[in-house]
Amino acid sequence: MKKLLYAVAISATIFTGCSDDDDDFLPPTKEPVVGEITGDITANRTLAFGNYTLKGLVKIQPGVTLTIEKGSTFTADKTDGEDGLVVLKGGTLIANGTADEPIVLTEKSKIAGSWAGIIMYGDAPIIASGGTTTSRSEDGLNQEYGGTNAAHSSGSLKYVRVEYAGQVITTNNKEHNGFSFYAVGSGTTLENLVSYRGNDDGFEFYGGTVSAKNLISYGNADDSFDWQDSWRGQDNTNWFAYQTGLGNYGMEVEAKSNNNAFWPKVTNITLKRAAGTTTESQGEIQLDAIQFKANGNGDFSNIVIDGYGSQTTPTAFNGGVVQILDLLTYNNQVLTGKIKLTNVKVTNSPNLFISGANTFTVNAASFGANWSASTTATGASLAKGKWATVDGVDLLANL
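Residues numbered from 1 in each chain as written. Predicted model: local features only at pLDDT ≥ 70, side-chain atom pairs only at ≥ 80, totals over all residues. Heavy atoms only, no water.

Chemist: With reference to specific residues and values, describe the pattern of salt bridges.
Modeler: For the structure shown, the criterion picks out nine salt bridges. Lys 110 serves as the salt-bridge partner of Asp 391, at 3.2 Å between the closest nitrogen and oxygen. Of the two residues, Asp 391 is situated in the loop between strand E31 (389-390) and strand E32 (393-394) and Lys 110 in the loop between strand E10 (103-107) and strand E11 (118-121); the sequence distance between them amounts to 281 residues. Assessed through its relative accessible area of 58%, Asp 391 is described here as exposed. Taking relative accessible area as the criterion, Lys 110 reaches 45% and is therefore assigned partly exposed. One salt bridge in this structure joins Arg 161 and Glu 163, with 2.7 Å as the shortest N-O distance. Neither Arg 161 nor Glu 163 differs from the other in exposure class; each is buried. (Salt bridge = Lys/Arg side-chain N within 4 Å of Asp/Glu carboxyl O. Helix = DSSP H or I, 4+ residues; strand = E, 2+ residues; numbered from the N terminus. Buried < 20%, exposed > 50% of the residue type's maximum accessible area, 1.4 Å probe, protein only.)

Shown next as structure tokens:
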């Protein structure tokens, strides 16, 4: 028995080198475990560093904490049905990777839109259509979201990368993003997150008060950043979007037509669109860096925008830097100073302002002091590393 135990202990480590000199001995390398995660998480659980198969919609139940060790990888497989990691209201997810040991959630086929990504529910306030304070999720789970605890915590996500998500099953009724945050509160930590080559939005906020720092939305086919239901995060910084192939808005900003007295704040933004990138659907014109609609508003500063021009093929559409879609948003948000775009550097984007409804003219004068162009804005500032590298490709090479 002693010999058997000794053999097992040795198999759990790999000795990477040795020397006659004890000072040159290298510590053993930790070997990842291999496992599967499926079903509901009904008791507190820690997943050791390892390589896991993610099967089905894994739901962290209320009152339960799932902790994931740094460096772990989770692989979904679209052939087995709908896969995703869901944090239900009252559940907690602690997934703290590092720059060199990120936590990665991916999909076997490496095809965009293959799984549901990370879905998180909190207990923070929302204001939905008609001014209601609750709504039902559009992810097919039909979960009610919207609460009263602005400081609620759903956990911590640091150095987490989601790849090939954004599964759309029924448009507007059952669709997923890379990261979906429903009524998530400001006590939740969101830092150094990557949404890579999804088929819908990179990041979407459905109301709530959470803020997010150091985000990369790369190659997502719909909007890079999107929010609704009167999201009001106040401490957001360092957002980088790179759109290539297919892509709609860099940022889609709306508030379900509620004329709010508050607005979200984001500093240090870089939105870039690669040459030849086209709008996802030729039935819709969605080419602009930032679109405001349905009383969407916000305070945005130190912004770099590049490559948002008109599309010539397969259908000719005009694109630009800032689109104000409707007269409601123009009157209630632009003219009252609730949309602030300051220290904005624009290159390779000839049309600054676009009126989506064509019933009003929007220009720099419409914003007054709440629009300021710049030649020195720096945009997002992000550190390179394994967290921002996929299959040898540095996602920050175009920052």
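Chemist: Lay out the packing of aromatic side chains with the relevant residues and their values.
Modeler: One pass over the full model with this rule turns up 25 aromatic pairs. Between Tyr 121 and Tyr 182, the ring centres sit 4.9 Å apart and the planes meet at 15°, which makes this aromatic pair stacked. In this pair, Tyr 121 sits in strand E11 while Tyr 182 sits in strand E17 (residues 179-182), placing the two residues 61 residues apart along the sequence. Here the two residues Tyr 121 and Tyr 182 agree in accessibility, since each one is buried. Measuring from ring centre to ring centre gives 5.7 Å for Tyr 164 and Tyr 196, while their planes differ by 80°; the resulting arrangement is edge-to-face. Of the two residues, Tyr 164 sits in the loop between strand E14 (155-163) and strand E15 (168-170) while Tyr 196 sits in strand E18 (residues 189-196), which places them 32 residues apart along the sequence. Sitting above the plane of the Phe 262 ring, Arg 232 keeps its charged end 3.9 Å from the centroid. (Phe/Tyr/Trp six-rings, centres within 6.5 Å; stacked < 30°, edge-to-face > 60°. Lys NZ or Arg CZ within 6 Å of the ring centre and 35° of its normal.)

Chemist: So what about the environment of Gln 323? Which residues, and what values?
Modeler: Inspection of the secondary structure puts Gln 323 in strand E27 (residues 322-324). With 35 residues separating them along the chain, Gln 323 and Asn 358 place their C-alpha atoms 11 Å apart. Sequence-distant contacts of Gln 323, defined by excluding residues within four places in its chain, comprise Tyr 249, Ile 285, Asp 288, Ile 290, Gln 291, Phe 292, Ile 354 and Gly 356. (Contact = heavy atoms within 4.5 Å.)

Chemist: Hey, could you go over unusual backbone geometry for me, with residue numbers and the actual values?
Modeler: The omega angle of the peptide bond from Thr 313 to Pro 314 is -5°, so this bond is cis rather than trans. Unlike most non-glycine residues, Lys 110 shows phi in positive territory, near 60°. For Asn 238, which is not a glycine, the phi torsion comes out positive at approximately 60°. For Asn 238, the position within the fold is in strand E22 (residues 236-243). Taking the relative accessible area as the measure of exposure, Asn 238 reaches 10% and is therefore buried.

Chemist: Quick rundown of helix H2 (residues 327-334)? Include the residues and the values.
Modeler: Where H2 is concerned, the buried positions are Thr 329, Tyr 330, Gln 333 and Val 334. Across the axial projection of H2, the buried residues extend over an arc of 105°, all falling on one side. Elements in contact with the buried residues of H2: strand E25 (290-293), E27, strand E28 (339-347) and helix H3 (364-367). (Arc of directions from axis to C-beta.)

Chemist: An account of the environment of Asp 123 is needed here, citing residue identities and associated values.
Modeler: Summarising the element assignment, Asp 123 is placed in the loop between E11 and strand E12 (135-136). When its relative accessible area of 17% is taken as the criterion, Asp 123 is described as buried. Residues Asp 123 and Gly 147, spaced 24 residues apart in sequence, show a C-alpha to C-alpha distance of 4.3 Å. When near neighbours in sequence (up to four residues on either side) are disregarded, Asp 123 contacts Lys 89, Gly 147, Thr 148, Asn 149, His 152 and Ala 183. Within the structure, the side chain of Asp 123 is placed 3.0 Å from the side chain of Lys 89, a separation counted as a polar contact. (Polar contact = N/O pair within 3.5 Å; in protein donor to acceptor, adjacent residues only side chain to side chain.)

Chemist: Got a sec to walk through the environment of Asp 222? Specific residues and values, please.
Modeler: Here Asp 222 lies in the loop between strand E20 (213-218) and strand E21 (225-228). The sequence separation of Asp 222 and Val 33 amounts to 189 residues, and the corresponding C-alpha distance is 35 Å. Of note is the side chain of Asp 222, whose polar atom sits 2.7 Å from the side chain of Asn 248.

Chemist: Explain the side chain of Asp 326 to me, and be specific about the residues and the numbers.
Modeler: Mapped onto the secondary structure, Asp 326 falls in the loop between E27 and H2. Here Asp 326 is buried and forms no salt bridge, its nearest opposite-charge partner Lys 293 lying at an N-O distance of 7.8 Å. A polar atom in the side chain of Asp 326 sits 2.7 Å from the side chain of Thr 329. Ignoring anything within four residues of it in the chain, the contact list for Asp 326 reads Lys 293, Ala 294, Ala 357 and Phe 360. (Lys, Arg positive; Asp, Glu negative; His and termini not counted.)

Chemist: Kindly report on the side chain of Thr 209, identifying the contributing residues and their values.
Modeler: Tracing the backbone shows Thr 209 in the loop between strand E19 (203-206) and E20. Side-chain polar atoms of Thr 209 contact the backbone nitrogen of Ser 186, separated by 2.9 Å. Those residues in contact with Thr 209, other than ones at most four positions away along the chain, are Ala 124, Pro 125, Ala 150, Val 184, Gly 185, Ser 186, Arg 232 and Gly 233.

Just geometry here; none of it tells us what the structure is for.
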